[in-house]
Every structure is written in structure tokens, then in C-alpha cells.
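# A structural walkthrough
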Amino acid sequence: MNMVPFKDEKDLDARLASYKGSVNNDYMNRRRYLEEFEDLHYVDDGDLYIGTKKNGRWHVTYYLKENKPLDFDEALVTEVVGRRPDPFAAEAVGFRLYKMRLRLRLKEGMGEISPRVVRIDDENFVARGIAAFDPVSGNHQSMDEIERDVREGRVIGIPEAGFLQYSLSPTEQTIEHLYVAPSSRGKGLALEMVKHYVAACIEKKRATVWTDREGGAADLYEKAGFRKDGFLSAVMVYEPELK
């Protein structure tokens, strides 16, 4: 099966309506769909998959009626989110668990302004940093998206050393990337940037970040006032060569 573009927004809405009540991992995604509409594709063959292609993989949301085994020619990534995410439906059609992530929410606001942290305007430095993130679960943005975030002031950091990039929605803001260049690691720069972000960049009542459940990143965010809120994400992958 191959992903194809929607004809228009009415086409999107009609297909979503036809899968009302299906088993799905749609977490009120319509707003995001419209933001990405130019790049949005789908497959509708008894089960509906909607997504965009990033870093050579389709990042999809699923709506399952017939629960057919996956038969795509390209790799897929999806996520199941909740306090106790149940990946059974995704596994039943051919996804496998790749990793678990956890969410933290800003609770205490232990921020501190750093005079070294400024707006970053070097799109190429940001692009190189993003390219270093996990090729499957990382948010690998296009150059247009990076340029937009730089232009709108949502990338802060220490020039040539590291950056923090965040997104804004009507109700919350989220840290998307926290990157420190290899030559600058081990100097506390990541925590310095997070604390500056907490002190200077919070615009919404709800500020969150997702990070891998394994590893020490959650501990770093907790030092700036973030706390685990109990939500987990099961990152699931489908690879056609393994079917």
C-alpha cells in the first residue's frame, strides 16, 4: 500500500467521520493535521492511516476497523500515549515496540536567567543538531520548519555550543529539542539552557517535555522544576523488511 495526499480538508473530515468509534490513537490531532496539511497523506483500506513523512519514515496515526496486517512498502512510526499505554492494537496489525518515553510538566519554575543564552539565528547549526537525534523517535523537522522557529524566536541557546527549541500551541508549550555540541558537553550547558527557558520563555500555563524513559534526561529537567506527570508514550515501529 502507498500513502496518497488528501484532495482537500473536506476529504480529511469525511474520512475521519467514517472512522468514528474505531480503535485509534488520535489524541485530538485535527489541528495538527491542518497545520501539516500540505504534507499530509493517508491510506484507507478498511483501516485508516494518516501521517507525514519525516527522515524516511511515515509518522502515522491509525484508525482501525478491520485490523488488517500492515502491508506497506515503507517504514511507519506511531505512538500510543497514556498513563498505561496499551500497544496491543498496534502490535496486532504489525507494529513492534521501539522504546518508551515519559512526559514531564513544569511544576516549580526553578529558572535562572543566563546572560550567555540568547536567540539562535544559525539555522544550519540547528539543522545539524536536530540531525543527531534518534532517527526514529526524534522530531526531524524540515529546513522550512527550522527557519520558521528561528524566525519566530523559538530557538534559544549558546551560539556554536547548544540550543533549546520549543513549540507553542493554543494551550501549551513543549521543548522539542535540547542539544549540546559534542565539544561542549560535560559543562552543564544543557541545564543552563533549560533553566533560562523556564525563567524567560514560559508563555503558557502548561509547559511540558517528552524524553526517553531510560537515561538521565528526566533528572536534568527535574533540576529545573519539571516533574513526571505519569503519562507515557509507547513508540511503535513497522519495518517492511521484517514483516
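Reading guide: rules and limits
The residue numbering used here restarts from 1 in each chain and proceeds along that chain's sequence as written. Local features in this predicted model are restricted to residues of pLDDT 70 or higher, and side-chain atom pairs are both shown and tallied only at a pLDDT of 80 or more, whereas totals for entire chains, interfaces and linings draw on every residue. The side-chain figures draw on all heavy atoms in the structure; neither hydrogens nor water molecules are used. What is meant by a nonpolar core is a set of buried Ala, Val, Leu, Ile, Met, Phe, Trp, Tyr and Cys residues, joined one to another through side-chain atoms within 4.5 Å. Partly exposed residues are those whose accessible area sits between 20% and 50% of the maximum for their type, while under 20% is buried and over 50% is exposed, using a 1.4 Å probe and protein chains only. Working definition: helices are DSSP H or I runs of at least four residues, strands are E runs of at least two. Numbering for both runs from the N terminus. Residue contacts are defined here by distance: any two heavy atoms, one from each residue, within 4.5 Å place the two residues in contact. Between Lys or Arg on one side and Asp or Glu on the other, a salt bridge is scored when a side-chain nitrogen of the former is within 4 Å of a carboxyl oxygen of the latter. Pairing between strands is defined by DSSP: at least two bridges between them are needed.

Time to look at the nonpolar core. A general trend in soluble globular proteins is that nonpolar side chains are found buried together. Of all hydrophobic cores here, the largest spans 45 residues; its most connected members are Y49, F95, Y197 and F226. Counting residues per element, this core draws most heavily on helix α6 (residues 189-200), at six residues. Setting aside residues up to four positions removed in sequence, Y197 forms contacts with I156, L164, Y166, Q173, T174, I175, I202 and F226. L16, F37, L48 and Y63 belong to the second-largest nonpolar core, a separate cluster that totals 11 residues.

Among the secondary structure elements, L12 is positioned in helix α1 (residues 9-18). For L12, a relative accessible area of 0% gives the class buried. For L12 and I50, which are 38 residues apart along the polypeptide, the C-alpha to C-alpha distance reads 9.3 Å. Among residues more than four places away in sequence, those in contact with L12 are F6, Y33, L34, F37, L40 and I50.

Enumeration over the complete set of coordinates arrives at 20 salt bridges. Taking the shortest distance from any N to any O, the salt bridge between R101 and D212 comes out at 4.0 Å. One end of the pair, R101, is in strand β7 (residues 96-106); the other, D212, is in strand β12 (residues 206-212), with 111 residues separating them in the sequence. You can call R101 buried: its relative accessible area is 15%. D149 serves as the salt-bridge partner of R154, at 2.6 Å between the closest nitrogen and oxygen. Judged by relative accessible area, R154 falls into the buried class, the value being 12%. Through salt bridges with shared partners, one network takes in K99, R101, D134 and D212.

Before going further, it helps to spend a moment on the pairing of β7. Taken together, the nine bridges between β7 and strand β13 (residues 226-238) define a ladder with antiparallel strand orientation. The partner of R105 across the bridge, within β13, is R227.

By themselves, these observations are geometric and do not establish any function.
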